[in-house]
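Understanding the architecture of this molecule
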Number of protein chains: 2
Amino acid sequence: MQSTRSAKLDPKQRLDEILVKLRNLSFRITPQRVAILRIFLNSQDHPSVEQVYAQVKADFPSTSLATVYKTVSLLKEVGEILEIGFADGSNRYDGNKPYPHPHLICTRCKRIMDSDIDLVDQIANELEQTSGYRIVSHQIEFFGICPACQK
Amino acid sequence: MQSTRSAKLDPKQRLDEILVKLRNLSFRITPQRVAILRIFLNSQDHPSVEQVYAQVKADFPSTSLATVYKTVSLLKEVGEILEIGFADGSNRYDGNKPYPHPHLICTRCKRIMDSDIDLVDQIANELEQTSGYRIVSHQIEFFGICPACQK
DNA sequence: ATACATGCAAAACATTTGCATAAGA
DNA sequence: TCTTATGCAAATGTTTTGCATGTAT
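Attention here is on the structure that accompanies the text. (Residues numbered from 1 in each chain as written. Chains lettered and ligands numbered in written order. Predicted model: local features only at pLDDT ≥ 70, side-chain atom pairs only at ≥ 80, totals over all residues. Heavy atoms only, no water.)

1. Describing the relation of the copies chain A and chain B
With an RMSD of 0.1 Å, chain A superimposes on chain B once it is rotated by 180° and translated 0.0 Å along the axis. Such a turn and shift between the copies fits a two-fold axis. The rotation axis passes nearest to the C-alpha of isoleucine 140 of chain A in chain A, at a distance of 2.2 Å. With an isologous cut-off of 70% or more, the 100% of interface residues of chain A that recur at the interface of chain B puts this contact in the isologous class. (Least-squares fit on C-alpha atoms with pLDDT ≥ 70 in both. Contact = heavy atoms within 4.5 Å.)

Take a look at the structure:
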């Protein structure tokens, strides 16, 4: 279970931090990567690849969708964004809290809200005891209607 | 939050129950549908569409993949199987406990184990209070290494 | 008899890959 | 300079759809 959650940094600090990390891992710092990273760090919602692509193209019209996919894959691997998978194959990404945590998803407007709940670690522990699995990660999603859509 | 969990029936009883339900909803009972349903009810693992397809073809060689997809979609809609979605678009299905419940997934051998945990309803309640969402459903997956794969 | 389900092939998506060219280090 | 990243197009894998034919009711 992932336990080291970096203290909340402002996006600019975090951007620099990640760029240093990438450089140390001998990945190159390209304008496309910086632009995509910036979009993730500044998104309060949880954008899809397609949404990120649309945004990068605004600043950087030549960027290809393949590059967005490759960058997303890279950022996933180095643990700087979290993938939120959906059954219908419309994945979304969380660049602000890249560790597993529960999400609340409005089935009407598709808004995704973050949520931290301590009980999750308790459940994971309980499951390790009863099942014998060594639990490494999780994906927890609650579906419902958000306050705005209830009105 | 779904709360009516039918008492555990043996597969034969449950098959009849579902066939009556489908008939009442004016869906037709075809040999393909019965065969696919049987496979779901007898599977202890959580088969993918492709795996179900392979099994139906053994008994019923003319069955098409499209029919399997359509039947899966139907059974999802009437609430008799549960879809377990994965980020890589390799969905699997639970025909024995078609209500939301946590799964333990071995990332090595891909085995999926069921698990019932009372705390889930508590968490859902807590989230409803703090977020204002009306929670309707959930999807909870824990990833790790199963006992067999740890050796 | 008639509406609905099947099976086939084509289409629709999301994502990945191969490769020539461009550009960080 | 030398290796890695980009961008394009083609390939992949999963799921959906249109339509003629078959079949449950």
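2. What to know about the interface of chain A and chain B
Contacts between chain A and chain B engage 35 residues on the former and 36 residues on the latter. Between chain A and chain B, roughly 3,400 Å² of surface is buried when both sides are summed, and carbon and sulfur atoms account for 67% of that area. Taken together, chain A and chain B are joined by 0 salt bridges. Linking chain A to chain B there are 13 residue pairs in polar contact (both at pLDDT 80 or more). Counting only elements with at least two residues in the side of chain A that touches chain B, the list comes to β3 (103-106), α5 (119-131), β5 (134-145) and α6 (147-150) of chain A. Broken down by element, the side of chain A that touches chain B gets its largest block of residues, 12 residues, from β5 of chain A. Considering only residue class, the side of chain A that touches chain B consists of 20 nonpolar, 10 polar and 5 charged. Of the strand pairs in this sheet, β5 of chain A and strand β5 (residues 134-145) of chain B are connected by 11 bridges, and their pairing is antiparallel. (Buried area = accessible area lost by both parts, 1.4 Å probe. Salt bridge = Lys/Arg side-chain N within 4 Å of Asp/Glu carboxyl O. Polar contact = N/O pair within 3.5 Å; in protein donor to acceptor, adjacent residues only side chain to side chain. Helix = DSSP H or I, 4+ residues; strand = E, 2+ residues; numbered from the N terminus. Nonpolar A, V, L, I, M, F, W, Y, C, P; charged D, E, K, R; others polar. Pairing = 2+ DSSP bridges.)

3. Observations regarding the sheet that holds strand β4 (residues 112-114) of chain A
Strand order in the open sheet formed by 6 strands is β4(A)-β3(A)-β5(A)-β5(B)-β3(B)-β4(B), with mixed pairing between adjacent strands. Here the strands that pair on one side only, and so sit at the sheet edges, are β4 of chain A together with β4 (112-114) of chain B. Each strand axis lies, on average, 25° off the axis of its neighbour in the sheet, ignoring direction. Packing against the sheet, helix α5 (residues 119-131) of chain B makes contact with β3, β4 and β5 of chain A together with β5 of chain B, and its axis sits at approximately 130° to β5 of chain B. (Axes fitted to C-alpha atoms, helices over the stretch in contact; angles between N-to-C directions.)

4. With respect to the pairing of β3 of chain A
Walk down a regular strand and you will see the side chains alternate between the two sheet faces. All names here are of chain A. Covered by surrounding structure in β3 are His103 and Ile105 together with Leu104 and Cys106, the residues of both alternating faces. Two strands pair when backbone bridges link them, and β3 and β4 are joined in this way by 3 bridges, in the antiparallel orientation. Bridge pairing in β4 places leucine 104 opposite methionine 113. A loop of 5 residues connects β3 with β4, the two strands running antiparallel in sequence, and lysine 110 in this loop sits at a positive phi of about 70°. Two elements, β3 and β5, share 4 bridges in a ladder whose sense is parallel. Along β5, the bridge assignment pairs histidine 103 with glutamate 141. (Buried < 20%, exposed > 50% of the residue type's maximum accessible area, 1.4 Å probe, protein only.)

5. Describing the nonpolar core
Judged by nonpolar contacts, the single largest core of 30 residues is most densely connected at Phe142 of chain A together with Phe142 of chain B. Among the elements of the structure, β3, α5 and β5 of chain A together with β3 (103-106), α5 and β5 of chain B are those that each provide at least two residues to this core. Setting aside anything within four residues of it in sequence, one finds phenylalanine 142 of chain A in contact with His103, Leu104 and Ile105 of chain A together with Ile123, Ala124, Leu127, Ile135, Ser137, His138 and Ile140 of chain B. (Core = buried A, V, L, I, M, F, W, Y, C linked by side-chain atoms within 4.5 Å.)

6. Focus on the protein's contact with DNA strand C
Not every one of the 19 residues close to DNA strand C is listed here, only the nearest: Ile29 and Tyr69 of chain A together with Thr30, Ser62 and Lys70 of chain B. Protein-proximal atoms of DNA strand C, defined as those within 4 Å of the protein, fall in sugar or phosphate at a share of 67%. In the model, a base oxygen of DNA strand C is placed 3.5 Å from a nitrogen or oxygen of the lysine 70 of chain A side chain. Classifying every residue of the surface near DNA strand C gives 6 nonpolar, 8 polar and 5 charged. (Near = heavy atom within 4 Å.)

7. Some words on the environment of arginine 33 of chain A
All names here are of chain A. As for its placement among the helices and strands, arginine 33 is situated in helix α2 (residues 31-42). We classify arginine 33 as partly exposed; its relative accessible area is 25%. Between the C-alpha atom of arginine 33 and that of proline 102, which follows or precedes it by 69 residues, the distance is 27 Å. The contacts of arginine 33, once residues within four sequence positions are left out, are Phe27, Arg28, Thr71 and Leu74. In this structure the side chain of arginine 33 is engaged in a polar contact, spanning 2.8 Å, whose partner is the backbone oxygen of arginine 28.

8. Brief notes about the protein's contact with DNA strand D
In the vicinity of DNA strand D, 21 residues are found, and the nearest of them are Arg28, Thr30, Gln32 and Lys70 of chain A together with Tyr69 of chain B. Counting only the atoms of DNA strand D that lie within 4 Å of the protein, the sugar and phosphate share comes to 70%. In the model, a phosphate oxygen of DNA strand D is placed 3.1 Å from a nitrogen or oxygen of the isoleucine 29 of chain B main chain. If you list the elements that add at least two residues to the surface near DNA strand D, you get α2 and α4 (65-77) of chain A together with α4 (65-77) of chain B. By residue number, the principal contributor to the surface near DNA strand D is α4 of chain B, which donates 4 residues. In terms of residue class, the surface near DNA strand D is built from 7 nonpolar, 8 polar and 6 charged.

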